[in-house]
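Fold and geometry: a report
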Amino acid sequence: MIEKDINSFEQLYKACNIANVSIYKLAQTREAYLSEKTENEVREIVKRSLEAMKDAIKSGLNSNELSLSGMCGADCERLQKRFQRKPALFGNTFEKITAYALATSEENLRMGKIVACPTAGSCGIVPSVLVAVGENFNISEYEQINALITAGEIGRIVSNKVALAGAVAGCQAECGVASAMSAGAVCQMLGGSNKQILNAVALALKNLLGLTCDPVCGLVEIPCVKRNPFLAIHAVTAAELALADIESKIPLDEIVDALEQTGKLMSPTLKESSQAGLAKTKTALELEKSLFKK
Amino acid sequence: MAQSSFIDIITPIMVGPSSSHTAGAVRLGLLARNVYDASPHKVTFRLYNSYAQTGFGHGTDKGLLAGVLGFAVDDKRIRHIFEQPEAKQIAYEFQYLEDFNRHPNAVDFIFEGDLNMFVAGDSVGAGEVVIRKINEFSVKFTGKFNTLLLVYRDVPGMISRVTKVIQEKNINIASLHCDRYAKGEEASMCICVDGELDEEILKLIEGIENLYLVRYVRKLEH
Ligand code: SF4
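A closer look at the site of the ligand
Around the ligand, a shell composed of A:G121, A:G166, A:C171, A:E174, A:C175, A:C213, A:C224 and A:R227 is seen. The class makeup of the residues in the shell around the ligand is 4 nonpolar, 2 polar and 2 charged.

In structure tokens:
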């Protein structure tokens, strides 16, 4: 018998221990029960998301079409060219993660097909880490699905306390949570324990508290697109530390509380309203003028 | 407390760039189309506030039109919707307005054709949408269930009369939402059902007295 009423990470951790299962297994059983589906049907939905993520990466790697506003869209190509000339300092997995994250985010703003995981603005983070690590470390599709379920379960529990929306809690709740989800997914793929997974989430989230949402011209482009590769790499840092059994001194549920409180305290001008921060810089205002003239 | 689902976090698959301004626009268009439930000759879209200001960069206009034409949120053709054959078969127009009494992402749909109809709704975030008005009547529903919408004169016993017809056919009512504006005047009822209402039930309901509007709106697939 598996516990269905799981609203905090502590509950999740305990329930997994009692049933002696991984996070993904508990999440998948719970989801099947609540949605009146079989576990295989649940996995099938997850698989469709995984495939859509891979398709978006593929399309994004092969395009340099600009966004509707014309502000972004050609950076993934630039990055790939640079890596062809000169390999990345941190090796091929780094190259893939950063390129895949940009590919997906650029695909998003040229109205391509993406998975809003957890949101459209942060859509490059989970896929880039999942697919790049999956490819380079020979992770089977079955295990990639396990990792995506793990990521989804992490996002779900955070979202029980705070809506994953820039307008509600700033970018810490979008790209920040995406990065935390990815950190957990990497740990899952590399054979981390439940404890290590949750520590990776804690470490990733803790180091992004306070991240504001100040998109230039009110569009999901600047800073969103380039923020995706940054926070994808951030996720890997968290996973590496956690896999070394480094623990977050502050428990994960308390970090989520801090995130919620920080979101509440954050000025509304920095929560997707484009009234402060980057959105009100001199250059942003100039861009706004030239765009709205059209 | 309703239990949350991790599937919601790792979906939907959609065309970008924005859940509220693109996917939400498509879904609002789809739901308005289900409300209208006929082929319009012309549709006028009135976009308000944030939809009017940042819509161009989010493809909000494209999304709304695509929805009204029946395209799904993950249809790659939405990017080039104006060039699609479906779009060439109807007339459409976009108007951009400011009205801070309305939701930041509010839209009016003005359908013209064999039937003329006004539908207003909001994209309320994360792709979720709400229809607020049909013609001059206030309503409230989200497209998550098949919904029977009734606007009627506020006379006693209406709710039990309607629900009796539905329950006699063994159809489960998932939720019932009623609203009244002034006693004795217009009231509205949104009945969400599990499963389908067939022609026969709808006929029976249409036969009830004091109804101004009866509309059966199908749920959205995504
Ligand atoms: S800056 Fe705002 S709009 Fe951009 S990804 Fe972050 S939360 Fe979303």
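Re the domain arrangement of chain B
All names here are of chain B. Each assigned domain of chain B is listed with its residue range as follows: domain 1 (7-135) and domain 2 (146-217). Of note, the centres of domain 1 and domain 2, computed from C-alpha atoms alone, are 27 Å apart. By the criterion of area lost to domain 2, the three top residues of domain 1 are N34, V35 and I134, representing 64% of everything that side buries. Inspection of the domain 1/domain 2 interface yields 0 salt bridges. It is helix α1 (residues 19-36) that provides the largest number of residues to the side of domain 1 that touches domain 2, a total of 4 residues. Residue classes in the side of domain 1 that touches domain 2 are distributed as 6 nonpolar, 1 polar and 1 charged.

Details of the sheet that holds strand β9 (residues 173-180) of chain B
The pairing of strands in a sheet comes from backbone hydrogen bonds and takes either a parallel or an antiparallel form. Residue and element names in this part refer to chain B. Taken in spatial order, the 4 strands line up as β9-β10-β8-β11 in an open sheet, and their pairing is antiparallel. Strand pairing shows two members of the sheet lacking a second neighbour, β9 and β11 (211-217), which therefore form its edges. With strand direction ignored, the average angle separating the axes of adjacent strands in the sheet is 10°. Inspection of the sheet shows β9 paired to strand β10 (residues 186-193) by 7 bridges, in the antiparallel sense. Bridge pairing in β10 places L176 opposite I191. Strands in contact with helix α6 (residues 199-206) are β8 (146-153) and β11; relative to β11, the strand with the most contacts, it is inclined by about 165°.

A short note on the side chain of B:S18
Assignment of secondary structure puts B:S18 in the loop between β1 (13-15) and α1. Of note is the side chain of B:S18, whose polar atom sits 2.8 Å from the backbone nitrogen of B:H21. Each residue touching B:S18, except ones within four places of it in the same chain, is listed here: A:A120, A:V220, B:A23 and B:H58.

A short note on the pairing of strand β4 (residues 106-112) of chain B
Residues and elements named next belong to chain B. Within β4, 6 of the 7 residues are buried, leaving the element largely enclosed by the surrounding structure. Both strand β2 (residues 42-48) and β4 contribute to a ladder of 6 bridges, which runs antiparallel. Following the sheet pairing, L47 is matched in β4 by V107. Of the pairings in the sheet, the one linking β4 to strand β5 (residues 117-125) comprises 6 bridges and is antiparallel in character. Along β5, the bridge assignment pairs V107 with G121.

Reading guide: rules and limits
- Residues numbered from 1 in each chain as written.
- Chains lettered and ligands numbered in written order.
- Predicted model: local features only at pLDDT ≥ 70, side-chain atom pairs only at ≥ 80, totals over all residues.
- Heavy atoms only, no water.
- Near = heavy atom within 4 Å.
- Nonpolar A, V, L, I, M, F, W, Y, C, P; charged D, E, K, R; others polar.
- Domains from an automatic or database assignment.
- Buried area = accessible area lost by both parts, 1.4 Å probe.
- Salt bridge = Lys/Arg side-chain N within 4 Å of Asp/Glu carboxyl O.
- Helix = DSSP H or I, 4+ residues; strand = E, 2+ residues; numbered from the N terminus.
- Pairing = 2+ DSSP bridges.
- Axes fitted to C-alpha atoms, helices over the stretch in contact; angles between N-to-C directions.
- Contact = heavy atoms within 4.5 Å.
- Polar contact = N/O pair within 3.5 Å; in protein donor to acceptor, adjacent residues only side chain to side chain.
- Buried < 20%, exposed > 50% of the residue type's maximum accessible area, 1.4 Å probe, protein only.

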